[in-house]
Amino acid sequence: MTKRNAFYAQSGGVTAVINATACGLIETARRHRDRIGKVYAGRNGILGALREELIDTGKESPAAIRALRHTPGGAFGSARYKLKGLEESRPEYQRLIEVFRAHDIGYFFYNGGNDSQDTAYKLSQLGEKMGYPLTCIGIPKTVDNDLPITDTCPGFGSAAKYVAVSIREAGYDVASMAETSTRVFILEVMGRHAGWIAAATGLASAAAGDAPHIILFPEIVFDEAAFLARVNKTVMQYGHCVIAVSEGIKHPDGRFLSESAARDAFGHAQLGGVAPHLAQLIKDRLDLKHHWAVADYLQRAARHIASKTDVEQAYAVGKAAVELALQGHNAVMPTIVRKSDRPYRWTIGVAPLAKVANVEKKMPRHFISRDGFHITAACRRYLQPLIAGEDYPPFTNGLPHYVRLKNLAVAKKLKTTFDVKK
Ligand code: F6P
(Lines give C-alpha, C1' and ligand atoms only; values in the text may rest on other atoms or scores of the structure.)
Protein backbone atom coordinates (compact mmCIF):
# COMPACT_ATOMS: atom_id res chain seq x y z
CA MET A 1 0.00 0.00 0.00
CA THR A 2 1.49 3.38 -0.99
CA LYS A 3 1.79 6.05 1.62
CA ARG A 4 0.26 9.43 0.76
CA ASN A 5 -0.25 12.71 2.56
CA ALA A 6 -3.54 14.06 3.93
CA PHE A 7 -5.13 17.50 3.77
CA TYR A 8 -7.55 18.65 6.48
CA ALA A 9 -9.55 21.88 6.38
CA GLN A 10 -12.04 23.54 8.69
CA SER A 11 -14.95 25.20 6.98
CA GLY A 12 -17.81 27.56 7.78
CA GLY A 13 -18.69 28.86 11.24
CA VAL A 14 -16.44 27.33 13.88
CA THR A 15 -17.61 25.70 17.11
CA ALA A 16 -16.44 25.00 20.64
CA VAL A 17 -15.43 21.48 19.61
CA ILE A 18 -14.27 21.57 15.97
CA ASN A 19 -10.69 21.35 17.24
CA ALA A 20 -11.61 18.18 19.13
CA THR A 21 -12.37 16.72 15.70
CA ALA A 22 -8.98 17.93 14.41
CA CYS A 23 -7.43 16.30 17.47
CA GLY A 24 -9.18 12.96 16.76
CA LEU A 25 -8.14 13.09 13.12
CA ILE A 26 -4.49 13.99 13.68
CA GLU A 27 -3.96 11.59 16.59
CA THR A 28 -5.49 8.76 14.56
CA ALA A 29 -3.45 9.59 11.45
CA ARG A 30 -0.30 9.58 13.60
CA ARG A 31 -1.12 6.02 14.62
CA HIS A 32 -1.17 5.04 10.92
CA ARG A 33 2.13 6.45 9.76
CA ASP A 34 2.60 3.41 7.54
CA ARG A 35 -0.36 4.56 5.38
CA ILE A 36 -0.63 8.32 5.92
CA GLY A 37 2.47 10.46 5.57
CA LYS A 38 2.09 14.10 6.57
CA VAL A 39 -1.15 15.65 7.76
CA TYR A 40 -1.38 19.13 6.27
CA ALA A 41 -4.03 21.62 7.35
CA GLY A 42 -5.38 24.42 5.17
CA ARG A 43 -4.59 27.89 6.46
CA ASN A 44 -8.07 29.40 6.54
CA GLY A 45 -9.78 26.29 5.25
CA ILE A 46 -10.04 25.60 1.54
CA LEU A 47 -8.33 28.94 0.82
CA GLY A 48 -5.17 27.31 2.12
CA ALA A 49 -5.39 24.69 -0.63
CA LEU A 50 -6.10 27.24 -3.37
CA ARG A 51 -3.26 29.51 -2.26
CA GLU A 52 -0.91 26.63 -1.47
CA GLU A 53 -0.80 27.80 2.14
CA LEU A 54 -0.46 24.48 3.91
CA ILE A 55 0.33 24.01 7.58
CA ASP A 56 2.47 21.06 8.68
CA THR A 57 0.66 19.62 11.69
CA GLY A 58 3.63 17.23 12.09
CA LYS A 59 5.57 20.13 13.62
CA GLU A 60 3.18 20.23 16.60
CA SER A 61 3.98 18.25 19.75
CA PRO A 62 1.67 15.46 20.93
CA ALA A 63 0.74 17.69 23.92
CA ALA A 64 -0.28 20.59 21.64
CA ILE A 65 -2.42 18.28 19.50
CA ARG A 66 -3.98 16.80 22.65
CA ALA A 67 -4.81 20.33 23.88
CA LEU A 68 -6.86 20.93 20.72
CA ARG A 69 -9.46 18.70 22.34
CA HIS A 70 -10.31 21.42 24.83
CA THR A 71 -9.63 24.53 22.70
CA PRO A 72 -12.47 26.39 20.94
CA GLY A 73 -12.39 28.22 17.60
CA GLY A 74 -10.68 26.87 14.49
CA ALA A 75 -6.99 26.18 15.16
CA PHE A 76 -5.96 26.54 11.50
CA GLY A 77 -8.49 29.19 10.48
CA SER A 78 -11.77 28.49 8.73
CA ALA A 79 -13.40 29.95 5.62
CA ARG A 80 -16.79 30.55 4.17
CA TYR A 81 -15.92 29.93 0.56
CA LYS A 82 -18.07 28.03 -1.86
CA LEU A 83 -16.43 26.33 -4.82
CA LYS A 84 -18.57 26.83 -7.88
CA GLY A 85 -19.97 23.95 -9.91
CA LEU A 86 -17.35 21.83 -11.65
CA GLU A 87 -18.12 23.21 -15.08
CA GLU A 88 -18.43 26.87 -14.07
CA SER A 89 -15.11 27.12 -12.37
CA ARG A 90 -12.58 24.82 -13.91
CA PRO A 91 -9.60 27.00 -12.79
CA GLU A 92 -10.41 26.54 -9.08
CA TYR A 93 -10.60 22.78 -9.43
CA GLN A 94 -7.53 22.57 -11.59
CA ARG A 95 -5.67 24.59 -9.01
CA LEU A 96 -6.72 22.24 -6.21
CA ILE A 97 -5.51 19.25 -8.16
CA GLU A 98 -2.30 21.05 -9.00
CA VAL A 99 -1.64 21.77 -5.30
CA PHE A 100 -2.63 18.28 -4.19
CA ARG A 101 -0.43 16.71 -6.84
CA ALA A 102 2.54 18.90 -5.89
CA HIS A 103 2.25 17.76 -2.26
CA ASP A 104 1.22 14.16 -2.95
CA ILE A 105 -2.10 14.57 -1.14
CA GLY A 106 -4.23 11.48 -1.46
CA TYR A 107 -6.69 12.11 1.38
CA PHE A 108 -8.99 15.13 1.62
CA PHE A 109 -10.85 15.71 4.90
CA TYR A 110 -13.35 18.56 4.99
CA ASN A 111 -14.87 19.53 8.35
CA GLY A 112 -18.05 21.58 7.95
CA GLY A 113 -21.80 22.01 7.60
CA ASN A 114 -24.24 21.76 4.69
CA ASP A 115 -22.40 23.88 2.14
CA SER A 116 -19.09 22.31 3.08
CA GLN A 117 -20.39 18.78 2.54
CA ASP A 118 -21.44 19.93 -0.92
CA THR A 119 -17.90 21.17 -1.57
CA ALA A 120 -16.48 17.86 -0.32
CA TYR A 121 -18.84 15.98 -2.61
CA LYS A 122 -17.82 18.07 -5.63
CA LEU A 123 -14.18 17.50 -4.83
CA SER A 124 -14.73 13.77 -4.76
CA GLN A 125 -16.23 14.01 -8.26
CA LEU A 126 -13.33 16.18 -9.32
CA GLY A 127 -10.77 13.53 -8.43
CA GLU A 128 -12.53 11.04 -10.69
CA LYS A 129 -13.05 13.54 -13.53
CA MET A 130 -9.46 14.64 -13.62
CA GLY A 131 -7.95 11.21 -13.20
CA TYR A 132 -6.33 12.09 -9.87
CA PRO A 133 -6.90 9.48 -7.13
CA LEU A 134 -8.29 11.32 -4.11
CA THR A 135 -10.06 9.85 -1.10
CA CYS A 136 -12.57 12.42 0.02
CA ILE A 137 -14.27 12.37 3.44
CA GLY A 138 -16.67 15.03 4.79
CA ILE A 139 -16.73 15.44 8.57
CA PRO A 140 -19.88 16.83 10.23
CA LYS A 141 -19.77 20.09 12.17
CA THR A 142 -22.36 22.76 12.76
CA VAL A 143 -23.94 24.39 15.77
CA ASP A 144 -27.10 24.62 13.68
CA ASN A 145 -27.57 20.81 13.90
CA ASP A 146 -29.15 20.77 10.47
CA LEU A 147 -27.20 18.06 8.62
CA PRO A 148 -29.35 15.10 7.56
CA ILE A 149 -28.83 11.42 8.43
CA THR A 150 -26.52 12.01 11.41
CA ASP A 151 -28.40 12.01 14.75
CA THR A 152 -26.67 15.25 15.69
CA CYS A 153 -23.84 17.49 14.51
CA PRO A 154 -20.72 18.04 16.60
CA GLY A 155 -20.76 21.61 17.90
CA PHE A 156 -24.50 21.63 18.49
CA GLY A 157 -24.53 19.92 21.89
CA SER A 158 -22.18 22.51 23.38
CA ALA A 159 -24.02 25.51 21.92
CA ALA A 160 -27.25 23.89 23.16
CA LYS A 161 -25.84 23.47 26.66
CA TYR A 162 -24.61 27.06 26.77
CA VAL A 163 -27.98 28.55 25.79
CA ALA A 164 -29.92 26.24 28.13
CA VAL A 165 -27.62 27.15 31.04
CA SER A 166 -27.77 30.86 30.17
CA ILE A 167 -31.53 31.07 29.93
CA ARG A 168 -31.95 29.21 33.21
CA GLU A 169 -29.58 31.63 34.95
CA ALA A 170 -31.16 34.71 33.35
CA GLY A 171 -34.57 33.36 34.39
CA TYR A 172 -33.52 33.45 38.05
CA ASP A 173 -32.34 37.03 37.59
CA VAL A 174 -35.50 38.35 35.94
CA ALA A 175 -37.73 36.60 38.48
CA SER A 176 -35.90 38.50 41.23
CA MET A 177 -36.32 41.89 39.56
CA ALA A 178 -39.83 41.63 38.15
CA GLU A 179 -41.76 43.24 40.99
CA THR A 180 -40.13 46.65 40.61
CA SER A 181 -38.07 46.54 37.42
CA THR A 182 -37.55 44.19 34.44
CA ARG A 183 -40.50 42.04 33.38
CA VAL A 184 -39.27 40.62 30.09
CA PHE A 185 -35.94 39.13 29.03
CA ILE A 186 -35.23 38.05 25.45
CA LEU A 187 -32.31 35.85 24.37
CA GLU A 188 -31.55 35.63 20.66
CA VAL A 189 -29.79 32.46 19.51
CA MET A 190 -28.40 31.16 16.21
CA GLY A 191 -30.18 28.93 13.75
CA ARG A 192 -30.89 30.39 10.35
CA HIS A 193 -33.54 27.98 9.08
CA ALA A 194 -33.68 25.36 11.82
CA GLY A 195 -34.69 25.99 15.41
CA TRP A 196 -32.53 23.38 17.14
CA ILE A 197 -30.58 25.84 19.30
CA ALA A 198 -33.74 27.74 20.26
CA ALA A 199 -35.34 24.39 21.14
CA ALA A 200 -32.43 23.54 23.43
CA THR A 201 -33.26 26.52 25.66
CA GLY A 202 -36.52 24.68 26.42
CA LEU A 203 -34.54 22.06 28.38
CA ALA A 204 -34.10 24.70 31.09
CA SER A 205 -37.80 24.71 31.97
CA ALA A 206 -38.31 21.73 34.20
CA ALA A 207 -41.53 22.89 35.92
CA ALA A 208 -44.44 25.22 35.10
CA GLY A 209 -43.33 28.83 35.36
CA ASP A 210 -39.66 28.10 34.65
CA ALA A 211 -37.81 30.05 31.95
CA PRO A 212 -38.06 30.07 29.01
CA HIS A 213 -41.80 30.72 28.84
CA ILE A 214 -41.85 31.32 25.10
CA ILE A 215 -39.62 29.94 22.31
CA LEU A 216 -39.83 31.30 18.77
CA PHE A 217 -38.70 28.91 16.01
CA PRO A 218 -37.90 29.61 12.35
CA GLU A 219 -40.12 26.64 11.47
CA ILE A 220 -43.19 28.55 12.79
CA VAL A 221 -44.23 31.73 10.99
CA PHE A 222 -44.15 34.68 13.41
CA ASP A 223 -47.64 35.74 14.48
CA GLU A 224 -47.29 39.12 16.16
CA ALA A 225 -50.73 39.21 17.78
CA ALA A 226 -50.48 35.69 19.20
CA PHE A 227 -46.96 36.43 20.47
CA LEU A 228 -47.93 39.65 22.28
CA ALA A 229 -50.98 37.96 23.79
CA ARG A 230 -48.76 35.16 25.10
CA VAL A 231 -46.22 37.58 26.59
CA ASN A 232 -49.01 39.46 28.33
CA LYS A 233 -50.60 36.28 29.68
CA THR A 234 -47.23 35.01 30.99
CA VAL A 235 -46.50 38.27 32.79
CA MET A 236 -50.00 38.19 34.36
CA GLN A 237 -49.47 34.60 35.50
CA TYR A 238 -45.83 34.61 36.66
CA GLY A 239 -44.95 38.28 36.97
CA HIS A 240 -42.27 38.04 34.27
CA CYS A 241 -41.61 36.44 30.91
CA VAL A 242 -38.40 34.95 29.46
CA ILE A 243 -38.26 34.47 25.70
CA ALA A 244 -35.79 32.56 23.50
CA VAL A 245 -35.85 33.54 19.84
CA SER A 246 -34.06 32.06 16.86
CA GLU A 247 -32.30 34.57 14.62
CA GLY A 248 -34.13 32.99 11.66
CA ILE A 249 -37.79 33.72 12.53
CA LYS A 250 -39.78 35.01 9.59
CA HIS A 251 -42.73 37.21 8.72
CA PRO A 252 -45.66 35.52 6.97
CA ASP A 253 -44.26 36.80 3.63
CA GLY A 254 -41.00 34.88 4.20
CA ARG A 255 -38.75 37.84 5.11
CA PHE A 256 -36.49 37.41 8.14
CA LEU A 257 -37.43 39.71 11.02
CA SER A 258 -33.72 40.39 11.51
CA GLU A 259 -32.38 40.50 7.96
CA SER A 260 -29.64 43.00 7.17
CA ALA A 261 -28.25 43.93 3.76
CA ALA A 262 -24.91 42.14 4.36
CA ARG A 263 -24.35 38.86 2.48
CA ASP A 264 -21.69 36.16 2.98
CA ALA A 265 -19.83 34.21 0.26
CA PHE A 266 -22.74 31.81 -0.06
CA GLY A 267 -25.19 34.68 -0.62
CA HIS A 268 -26.74 34.18 2.84
CA ALA A 269 -28.11 37.30 4.50
CA GLN A 270 -26.35 38.18 7.75
CA LEU A 271 -28.84 37.76 10.56
CA GLY A 272 -28.87 39.19 14.05
CA GLY A 273 -30.94 41.81 15.81
CA VAL A 274 -34.31 40.12 16.20
CA ALA A 275 -34.11 40.44 20.00
CA PRO A 276 -34.01 44.27 20.02
CA HIS A 277 -36.76 44.25 17.41
CA LEU A 278 -39.04 42.15 19.65
CA ALA A 279 -38.04 44.19 22.71
CA GLN A 280 -39.17 47.37 20.99
CA LEU A 281 -42.44 45.72 20.01
CA ILE A 282 -43.07 44.69 23.62
CA LYS A 283 -42.22 48.17 24.86
CA ASP A 284 -44.49 49.88 22.32
CA ARG A 285 -47.45 47.55 22.62
CA LEU A 286 -47.34 46.28 26.21
CA ASP A 287 -45.23 48.93 27.90
CA LEU A 288 -43.14 46.41 29.84
CA LYS A 289 -39.55 47.00 30.94
CA HIS A 290 -37.20 44.58 29.23
CA HIS A 291 -33.61 43.47 28.75
CA TRP A 292 -32.32 41.53 25.77
CA ALA A 293 -29.14 39.74 24.72
CA VAL A 294 -27.79 38.29 21.50
CA ALA A 295 -25.80 35.15 22.32
CA ASP A 296 -24.04 35.39 18.94
CA TYR A 297 -20.47 34.01 18.91
CA LEU A 298 -20.57 33.38 22.68
CA GLN A 299 -22.82 30.38 22.12
CA ARG A 300 -20.62 28.68 19.55
CA ALA A 301 -17.33 29.51 21.32
CA ALA A 302 -18.38 28.47 24.83
CA ARG A 303 -15.87 25.69 25.47
CA HIS A 304 -15.89 26.35 29.24
CA ILE A 305 -19.32 24.76 29.55
CA ALA A 306 -19.08 22.30 26.63
CA SER A 307 -21.18 19.15 26.60
CA LYS A 308 -19.09 16.08 27.36
CA THR A 309 -21.18 14.08 24.91
CA ASP A 310 -20.49 16.66 22.22
CA VAL A 311 -16.73 16.65 22.85
CA GLU A 312 -16.64 12.85 22.67
CA GLN A 313 -18.65 12.80 19.44
CA ALA A 314 -16.53 15.54 17.87
CA TYR A 315 -13.38 13.55 18.62
CA ALA A 316 -14.99 10.34 17.37
CA VAL A 317 -15.95 11.71 13.94
CA GLY A 318 -12.38 12.96 13.40
CA LYS A 319 -11.03 9.53 14.29
CA ALA A 320 -13.65 7.77 12.16
CA ALA A 321 -12.86 9.96 9.14
CA VAL A 322 -9.32 8.57 9.04
CA GLU A 323 -10.48 5.02 9.67
CA LEU A 324 -13.08 5.20 6.89
CA ALA A 325 -10.49 6.54 4.47
CA LEU A 326 -8.10 3.74 5.34
CA GLN A 327 -10.87 1.17 4.92
CA GLY A 328 -11.26 2.37 1.32
CA HIS A 329 -14.41 4.52 1.66
CA ASN A 330 -14.70 7.59 -0.56
CA ALA A 331 -17.24 10.44 -0.83
CA VAL A 332 -18.74 9.65 2.58
CA MET A 333 -19.27 11.33 5.95
CA PRO A 334 -19.10 9.62 9.35
CA THR A 335 -22.38 10.02 11.23
CA ILE A 336 -23.60 9.72 14.81
CA VAL A 337 -26.11 6.88 15.11
CA ARG A 338 -28.40 6.87 18.17
CA LYS A 339 -28.94 3.39 19.54
CA SER A 340 -31.08 4.37 22.54
CA ASP A 341 -32.33 7.48 24.38
CA ARG A 342 -32.21 6.26 27.98
CA PRO A 343 -29.52 5.31 28.64
CA TYR A 344 -28.13 7.30 25.75
CA ARG A 345 -26.06 5.04 23.53
CA TRP A 346 -24.53 5.94 20.20
CA THR A 347 -22.14 4.63 17.64
CA ILE A 348 -20.49 5.82 14.42
CA GLY A 349 -22.15 5.17 11.05
CA VAL A 350 -21.45 6.29 7.51
CA ALA A 351 -23.47 8.30 4.95
CA PRO A 352 -22.78 9.00 1.27
CA LEU A 353 -21.95 12.67 0.67
CA ALA A 354 -24.40 12.66 -2.26
CA LYS A 355 -27.22 12.26 0.29
CA VAL A 356 -25.86 14.86 2.73
CA ALA A 357 -24.81 17.73 0.47
CA ASN A 358 -27.14 20.73 0.60
CA VAL A 359 -29.91 19.00 2.59
CA GLU A 360 -31.14 20.92 5.66
CA LYS A 361 -32.71 19.04 8.58
CA LYS A 362 -35.30 21.19 10.30
CA MET A 363 -37.15 20.56 13.56
CA PRO A 364 -39.96 18.05 12.97
CA ARG A 365 -43.40 19.47 13.80
CA HIS A 366 -43.94 16.95 16.59
CA PHE A 367 -40.93 18.43 18.44
CA ILE A 368 -42.77 21.77 18.71
CA SER A 369 -45.81 22.15 21.00
CA ARG A 370 -49.19 22.54 19.31
CA ASP A 371 -49.36 26.29 20.09
CA GLY A 372 -45.92 26.74 18.46
CA PHE A 373 -44.33 28.34 21.55
CA HIS A 374 -42.41 25.51 23.23
CA ILE A 375 -40.92 22.03 22.83
CA THR A 376 -42.60 18.68 23.36
CA ALA A 377 -41.61 15.70 25.50
CA ALA A 378 -40.30 13.94 22.34
CA CYS A 379 -38.01 16.87 21.67
CA ARG A 380 -36.71 16.81 25.26
CA ARG A 381 -35.99 13.10 24.91
CA TYR A 382 -33.96 13.81 21.78
CA LEU A 383 -32.08 16.85 23.13
CA GLN A 384 -31.39 15.85 26.74
CA PRO A 385 -28.47 13.46 26.16
CA LEU A 386 -26.78 15.85 23.73
CA ILE A 387 -26.04 18.39 26.48
CA ALA A 388 -25.16 15.76 29.08
CA GLY A 389 -21.93 15.86 31.03
CA GLU A 390 -19.24 18.47 31.52
CA ASP A 391 -15.75 18.49 30.06
CA TYR A 392 -14.04 21.49 31.64
CA PRO A 393 -10.84 22.83 30.09
CA PRO A 394 -7.89 23.39 32.44
CA PHE A 395 -7.95 26.81 34.15
CA THR A 396 -4.95 29.03 34.91
CA ASN A 397 -5.29 32.25 36.92
CA GLY A 398 -9.02 31.90 36.75
CA LEU A 399 -9.19 31.64 32.97
CA PRO A 400 -9.42 28.65 30.63
CA HIS A 401 -6.02 27.70 29.27
CA TYR A 402 -6.19 27.14 25.52
CA VAL A 403 -3.47 26.18 23.06
CA ARG A 404 -2.17 28.26 20.15
CA LEU A 405 -0.47 26.09 17.58
CA LYS A 406 2.76 27.06 15.83
CA ASN A 407 1.04 26.59 12.46
CA LEU A 408 4.33 26.37 10.53
CA ALA A 409 4.01 26.72 6.78
CA VAL A 410 4.94 23.97 4.36
CA ALA A 411 7.40 25.22 1.70
CA LYS A 412 5.59 26.05 -1.53
CA LYS A 413 6.40 23.84 -4.50
CA LEU A 414 4.51 25.64 -7.23
CA LYS A 415 5.77 28.68 -9.09
CA THR A 416 2.25 29.87 -9.86
CA THR A 417 -0.03 31.72 -7.45
CA PHE A 418 -3.81 31.75 -7.41
CA ASP A 419 -5.97 34.77 -6.94
CA VAL A 420 -8.92 33.82 -4.73
CA LYS A 421 -12.04 35.88 -5.38
CA LYS A 422 -13.81 36.23 -2.02
O1 F6P B 1 -22.25 28.17 11.43
C2 F6P B 1 -23.60 28.50 11.45
C3 F6P B 1 -23.81 29.87 11.98
O4 F6P B 1 -23.33 29.87 13.26
C5 F6P B 1 -25.26 30.36 11.87
O6 F6P B 1 -26.13 29.93 12.85
C7 F6P B 1 -25.09 31.86 11.81
O8 F6P B 1 -26.17 32.45 11.15
C9 F6P B 1 -23.83 31.99 11.02
O10 F6P B 1 -23.07 30.84 11.28
C11 F6P B 1 -22.98 33.18 11.28
O12 F6P B 1 -21.92 33.13 10.38
P13 F6P B 1 -20.67 34.06 10.30
O14 F6P B 1 -19.77 33.71 11.43
O15 F6P B 1 -20.00 33.77 8.98
O16 F6P B 1 -21.20 35.47 10.36
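Look a little higher up for the structure.
Just so it is clear, the structure is predicted and the values come from calculations on it, not from any experiment.

Draft legend 1. Here's a closer look at the nonpolar core. Counting residues in each nonpolar core, the largest one holds 72 residues, and the members touching the most others are L25, F76 and F109. Broken down by element, the residue count for this core peaks at eight residues, all from helix α6 (residues 156–177). When residues of this core are assigned to domains, at least three fall in each of domain 1 (4–141 + 304–355 + 391–400) and domain 2 (156–302). Apart from the residues lying within four places of it in its own chain, the contact partners of F109 are A6, F7, Y8, A9, L25, I137, I139, A321, V322 and A325. Grouped together as the second largest cluster of nonpolar side chains are 33 residues, L54, F108, L126 and A331 included.

Draft legend 2. Fine view of the packing of helix α1 (residues 18–30) against helix α11 (residues 308–326). Two elements in contact, α1 and α11, have axes whose closest approach is 7 Å; the angle formed by their N-to-C orientations is 40°. For the pair α1 and α11, the sense of crossing is right-handed. The residues of α11 that touch α1, namely those facing A20, T21, C23, G24, L25, E27, T28 and A29, are V311, A314, Y315, V317, G318, K319, A321, V322 and E323. Residues belonging to the contact of α1 with α11 are distributed by class as follows: 10 nonpolar, four polar and three charged.

Draft legend 3. Region of the structure containing the sheet that holds strand β7 (residues 184–189). Taken in spatial order, the four strands of this open sheet run β8-β9-β7-β10, and their pairing is parallel. Whereas interior strands pair on both sides, the edge strands pair on one side only; in this sheet they are β8 (214–216) and β10 (290–294). For this sheet, the mean inter-axis angle between neighbouring strands, taken without regard to orientation, is 15°. Where β8 meets strand β9 (residues 241–246), three bridges bridge the pair, whose relative direction is parallel.

Draft legend 4. Examining the environment of V359 more closely. Turning to its location among the elements, V359 is positioned in the loop between α12 (353–356) and α13 (377–383). As for V359 and A306, which are separated by 53 residues in sequence, their C-alpha atoms are 27 Å apart. Sequence-distant contacts of V359, that is, excluding residues within four places in its chain, are made with N114, D146, L147 and P148.

Draft legend 5. Fine view of the site of the ligand. Within the structure, the ligand sits among G13, R80, V143, D144, M190, G191, R192, E247, Y297 and R300. Here an oxygen atom of the ligand and a side-chain polar atom of R300 are 3.0 Å apart. Notes on the ligand: free accessible area 400 Å², of which the protein chains cover 81%. Here the residues of the shell around the ligand sort into three nonpolar, two polar and five charged.

Conventions we followed
- Residues numbered from 1 in each chain as written.
- Predicted model: local features only at pLDDT ≥ 70, side-chain atom pairs only at ≥ 80, totals over all residues.
- Heavy atoms only, no water.
- Core = buried A, V, L, I, M, F, W, Y, C linked by side-chain atoms within 4.5 Å.
- Buried < 20%, exposed > 50% of the residue type's maximum accessible area, 1.4 Å probe, protein only.
- Helix = DSSP H or I, 4+ residues; strand = E, 2+ residues; numbered from the N terminus.
- Domains from an automatic or database assignment.
- Contact = heavy atoms within 4.5 Å.
- Axes fitted to C-alpha atoms, helices over the stretch in contact; angles between N-to-C directions.
- Left-handed = near helix turned anticlockwise from the far one by under 90°.
- Nonpolar A, V, L, I, M, F, W, Y, C, P; charged D, E, K, R; others polar.
- Pairing = 2+ DSSP bridges.
- Near = heavy atom within 4 Å.
- Polar contact = N/O pair within 3.5 Å; in protein donor to acceptor, adjacent residues only side chain to side chain.
- Areas by Shrake-Rupley, 256 points an atom, 1.4 Å probe, with all protein chains shown as cover.

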